[in-house]
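Descriptive structure summary
Here is how the chains run, residue by residue.
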Amino acid sequence: MLWLVMTTGKCNLICDYCGGSFPKDVVSWQSKYNVLQLKQVIEKNDKSPTIIFYGGEPLMNPKFIMKVMDTVRASRWGIQTNGTAVRLLPESYWKRMNVALLSVDGREDITDKHRGKGVFRAVIKNAEYLKSMGIETIARMAVTKDSDIYEEVMHLINLRVFDKIHWQLNVIWSERWDFENWAENSYLPGLTKLMDFFMENLKEGKVVKIIPFLGVISAHFTGGYRGSPCGAGYSSITVTPEGRILSCPIAVREKWAELGSVNGFRLLEDPLPDYCKSCDLNKYCGGRCLYASNERYWGDDGFQVVDSVNKRYLRLVISKIPEIEKLIEGGVLSKEDLIYDPVQDSTEVIP
Ligand code: SF4
Ligand code: SF4
């Protein structure tokens, strides 16, 4: 299971996607529970925990990270960070981390426009440092109307500092924008081009780890997702600094997300939203994002617009599966090369 452990609600940046730190009365900036409680609840519920530090910016509370790593046993350690304050955690702790997800949106000007001047260069330098210690690096992109998906992803691939690339669309939790036109004229054509690049590499036996493609292909071979691929509420939970346990790390104010506390919690039994039950793509999609389906900030109409683009992206990836199966039959690839478990990395698969 995945445990997203929030170390603080504080952040050192003010990116325009989320606006920076949480107010202290929503997500505390200090841990309010004893780490031994975390150890107990994890040991009681999980034989093979993956623990990923989350925030705010988790590196704003490095002492808590050190305390958890010194106290709790985990099969896999990781962090989701904005990548600017990496030096605040001593190297001996970094050396025990398996994976680092770094926020970067693609090209330098696009990243700095939304995250602040100089952020791109700081993140790339720190990604190189983490990679040099053998930590797996994942670029975690936010994709907006300024993004050209093909250009942004290719830019990050060509830098060769990230082992995997993932992105999320800046939709539904932000102010509504003209997503429909952008998707039609930029995003979907860009995805087609990117998929061609991915397939060209597959034909040579190389898997370029573009998670929104890989996670959908993997679902085909593994039986698929029973809920949001991020695992929200059924194979992933979030522990807030106050010791609350939530299904989703974004849903810090929402009652529906509360599953309990470090003293005990229950998982969601049926995480697939009702409206997805009869969808022919649900095995590949798992209902996309649980938060977005519960909090329809763009209204039902906006939700449907995003969903129709989501379906077109899914069908694009699924359309390549017969060709991929032929590559496997021909011995160019093995099925194992295409198996991806998002819960190991704390990625969402579906943008
Ligand atoms: S494509 Fe849409 S309707 Fe189908 S499972 Fe995903 S979110 Fe649900
Ligand atoms: S994909 Fe949605 S439900 Fe999953 S962690 Fe992200 S915001 Fe929460």
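A quick note: this is a predicted structure, and the numbers were derived from the prediction, not measured.

Another aspect to go through is the site of ligand 2. What surrounds ligand 2 is the set Cys230, Ala232, Cys248, Pro249, Ile250, Cys289, Leu290, Tyr291 and Glu348. Grouping the constituent residues of the shell around ligand 2 by class yields eight nonpolar, no polar and one charged.

Now for the UniProt feature "domain: Radical SAM core" (unreviewed entry) in the protein chain. UniProt tags residues 7–156 as "domain: Radical SAM core" (unreviewed entry). Span residues 7–156 is 37% helix and 16% strand, its end C-alpha atoms 28 Å apart.

Next up on the list: the sheet that holds strand 2 (residues 50–54). The 10 strands lie next to each other as 6-5-4-3-2-1-7-8-9-10, forming an open sheet whose pairing is mixed. With one partner strand each, in any of the chains shown, strand 6 (164–169) and strand 10 (264–265) form the two edges of the open sheet. Summarising the sheet, strand 1 (residues 2–6) and strand 2 pair through five bridges and their orientation is parallel. Paired with Val5 across the bridge in strand 2 is Phe53.

Our next topic: the pairing of strand 1. Burial within strand 1 is extensive, with five of its five residues counted as buried. A two-sided burial pattern is seen for strand 1, the buried positions comprising Leu2, Leu4 and Met6 on one face and Trp3 and Val5 on the other. Since strand 1 and strand 2 lie parallel, the crossover through helix 1 (residues 35–45) that links them has a hand, and here it is right-handed. With four bridges connecting them, strand 1 and strand 7 (residues 236–239) associate as parallel partners. The partner of Leu4 across the bridge, within strand 7, is Thr238.

Okay, the environment of Ser21 next. Here Ser21 shows up in the loop between strand 1 and helix 1. For the pair Ser21 and Gly106, spaced 85 residues apart in sequence, the C-alpha to C-alpha distance is 23 Å. In this structure Ser21 touches Gly9, Lys10, Cys11 and Trp29, once residues within four positions along its chain are discounted. Engagement of the side chain of Ser21 in a polar contact is seen with the backbone nitrogen of Cys11, the distance being 2.9 Å.

Below, the discussion takes up the packing of aromatic side chains. Considering all chains together, one arrives at 14 aromatic pairs under this definition. Taken together, a centroid distance of 6.0 Å and an interplanar angle of 90° make the contact between Tyr33 and Phe64 edge-to-face. Of this pair, Tyr33 sits in the loop between strand 1 and helix 1 while Phe64 sits in helix 2 (residues 62–71), placing them 31 residues apart in sequence. With a relative accessible area of 9%, Tyr33 lands in the buried category.

As a further point, take the site of ligand 1. Near ligand 1 you find Tyr275, Cys276, Cys279, Asn282, Cys285, Gly287, Asp307, Asn310, Lys311 and Leu314, and these make up its full shell. If you list the elements that add at least two residues to the shell around ligand 1, you get helix 9 (282–285) and helix 11 (299–318). Sorting elements by how many residues they give to the shell around ligand 1 places helix 11 first, with four residues. By residue class, the composition of the shell around ligand 1 is five nonpolar, three polar and two charged.

Attention now goes to the environment of Glu258. Relative to the helices and strands, Glu258 resides in strand 9 (residues 258–261). Through-space distance from the C-alpha of Glu258 to that of Leu246 is 4.6 Å; in sequence the pair is 12 residues apart. For Glu258, the contacting residues outside a window of four places in its chain are Arg244, Ile245, Leu246 and Arg266. Separated by 3.4 Å, the side chains of Glu258 and Arg244 make a polar contact.

What counts and what doesn't
- Numbering of residues starts from 1 in each chain and follows the order in which that chain's sequence is written.
- As they are written, the chains are lettered A onward and the ligands numbered 1 onward, keeping that order.
- Where local features are concerned, this predicted model is filtered to residues with pLDDT of at least 70; where side-chain atom pairs are given and counted, the filter is 80 or more; whole-chain, interface and lining totals use all residues.
- Think of the side-chain values as coming from all heavy atoms in the structure, minus any hydrogens and water.
- Summary of the distance rule: residues count as near a molecule or strand when at least one heavy atom falls within 4 Å of that molecule or strand.
- In this classification, the charged set is Asp, Glu, Lys and Arg, the nonpolar set is Ala, Val, Leu, Ile, Met, Phe, Trp, Tyr, Cys and Pro, and all remaining amino acids, among them Gly, are polar.
- UniProt positions are given in the numbering used here, feature names are shortened, and annotations may be inferred rather than shown by experiment.
- Helical segments are the DSSP runs of H or I of at least four residues, strand segments are the runs of E of at least two, and each set is numbered from the N terminus.
- At least two DSSP bridges between two strands are required for those strands to pair.
- Only protein chains enter the accessibility calculation, which uses a 1.4 Å probe; a residue whose area is less than 20% of its type maximum is buried, one above 50% is exposed, and one in between is partly exposed.
- The handedness rule is simple: strands pointing away from the viewer, and a clockwise path from the first strand over the helix to the second, make the crossover right-handed.
- Here a residue-residue contact requires only that any non-hydrogen atoms of the pair lie within 4.5 Å.
- N or O atoms within 3.5 Å of each other form a polar contact, as long as, within protein, one can give a hydrogen and the other can take it, and as long as residues adjacent in sequence are counted only when both atoms are side-chain atoms.
- Any two rings among Phe, Tyr and Trp, with Trp reduced to its six-membered ring, count as a pair given centres within 6.5 Å; such a pair is stacked if its planes are under 30 degrees apart, edge-to-face if over 60, and tilted if neither.

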